[in-house]
Amino acid sequence: MDIVWIILLIILISISIRELINTKKLPNNNQYNILQNSRYYRLLFIVIACSFAVITFIIKKIFF
């Protein structure tokens, strides 16, 4: 069952990275740009958090 969650996390990481590449960071001139930048940072946070979870799981499986 753990492998299924890891595969789902890897899929989520790949989709988020693809969206990060497609989304460009805009200057904070108006409300729309601030909303777009918050989307960019949320995607970046998802990538970092999921990567940390996958790495932690792999290290736990290797050493314990």
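Scroll up to find the structure this text is about.
The present account deals with the structure reproduced in this document. Bear in mind the structure is a predicted one, so any value in this text is a computation, not a measurement.

### Some words on the packing of aromatic side chains
For the structure on display, the rule yields 1 aromatic pair. On the basis of an interplanar angle of 75° and a centroid distance of 5.6 Å, the ring pair of Tyr40 and Tyr41 is categorised as edge-to-face. Given the relative accessible area of 41%, Tyr41 is considered partly exposed.

### What about the nonpolar core?
The biggest cluster of nonpolar side chains holds 5 residues, and these are Ile6, Ile13, Cys50, Val54 and Phe57. Contributing elements (two or more residues each) for this core: helix H1 (2-22) and helix H2 (31-63). Top contributing element to this core by residue count: H2, with 3 residues. Sequence-distant contacts of Cys50, that is, excluding residues within four places in its chain, are made with Leu9, Leu12 and Ile13.

### Considering the packing of H1 against H2
Where H1 contacts H2, the two axes come as close as 9 Å, and the packing angle between them is 150°. Taken together, H1 and H2 sit at an angle that is classed as roughly antiparallel. Seen from above, H1 lies across H2 with left-handed handedness. Every residue of H2 that contacts H1 at Asp2, Ile3, Ile6, Leu9, Ile10, Leu12, Ile13, Ser16, Ile17, Glu19 and Leu20 is listed here: Arg39, Tyr40, Leu43, Leu44, Ile46, Val47, Cys50, Ser51, Ala53, Val54, Phe57 and Lys61. Counted by class, the contact of H1 with H2 contains 17 nonpolar, 2 polar and 4 charged residues.

### Some details on the pattern of salt bridges
Counted according to the given criterion, the structure contains 1 salt bridge. For the salt bridge of Glu19 with Arg39, the shortest nitrogen-to-oxygen distance reads 3.2 Å. Separated by 20 residues along the polypeptide, Glu19 in helix H1 and Arg39 in helix H2 bring together distant segments of the chain. For Glu19, a relative accessible area of 28% translates into the label partly exposed. By relative accessible area, Arg39 is classed as partly exposed at 30%.

Conventions and cut-offs
All residue numbers refer to positions counted from 1 along the written sequence of the respective chain. With pLDDT at 70 or above as the cut-off, local features in this predicted model cover only qualifying residues; side-chain atom pairs require 80 or more to be listed or tallied, and sums for whole chains, interfaces and linings still use all residues. For side-chain calculations, the full set of non-hydrogen atoms in the structure is used, while hydrogens and water are omitted. Two rings from Phe, Tyr or Trp (for Trp, the six-membered ring) form a pair when their centres are within 6.5 Å of each other. A pair whose planes differ by under 30 degrees is stacked, one over 60 is edge-to-face, and the rest are tilted. For each residue, the accessible area found with a 1.4 Å probe, counting protein chains only, is set against the maximum for its type, and the residue is called buried under 20%, exposed over 50%, and partly exposed in between. For our purposes a nonpolar core is just a set of buried Ala, Val, Leu, Ile, Met, Phe, Trp, Tyr and Cys residues, chained together by side-chain atoms within 4.5 Å. Strands are runs of DSSP state E lasting at least two residues, helices are runs of H or I lasting at least four, and both sets are numbered from the N terminus onward. Note on contacts: a residue pair is in contact if any heavy atoms of the two residues lie within 4.5 Å. All axes are obtained by fitting lines to C-alpha atoms, using only the stretch in contact for helices, and the reported angles, taken between N-to-C directions, cover 0 to 180 degrees. Roughly parallel means an angle under 35 degrees; roughly antiparallel, over 145; roughly perpendicular, 65 to 115; everything else is oblique. By definition, turning the near helix anticlockwise from the far helix through less than a right angle yields a left-handed crossing, and turning it clockwise yields a right-handed one. Each residue gets one label: Ala, Val, Leu, Ile, Met, Phe, Trp, Tyr, Cys and Pro are nonpolar, Asp, Glu, Lys and Arg are charged, and the others, such as Gly, are polar. Throughout this description, the term salt bridge denotes a Lys or Arg side-chain nitrogen within 4 Å of a carboxyl oxygen of Asp or Glu.

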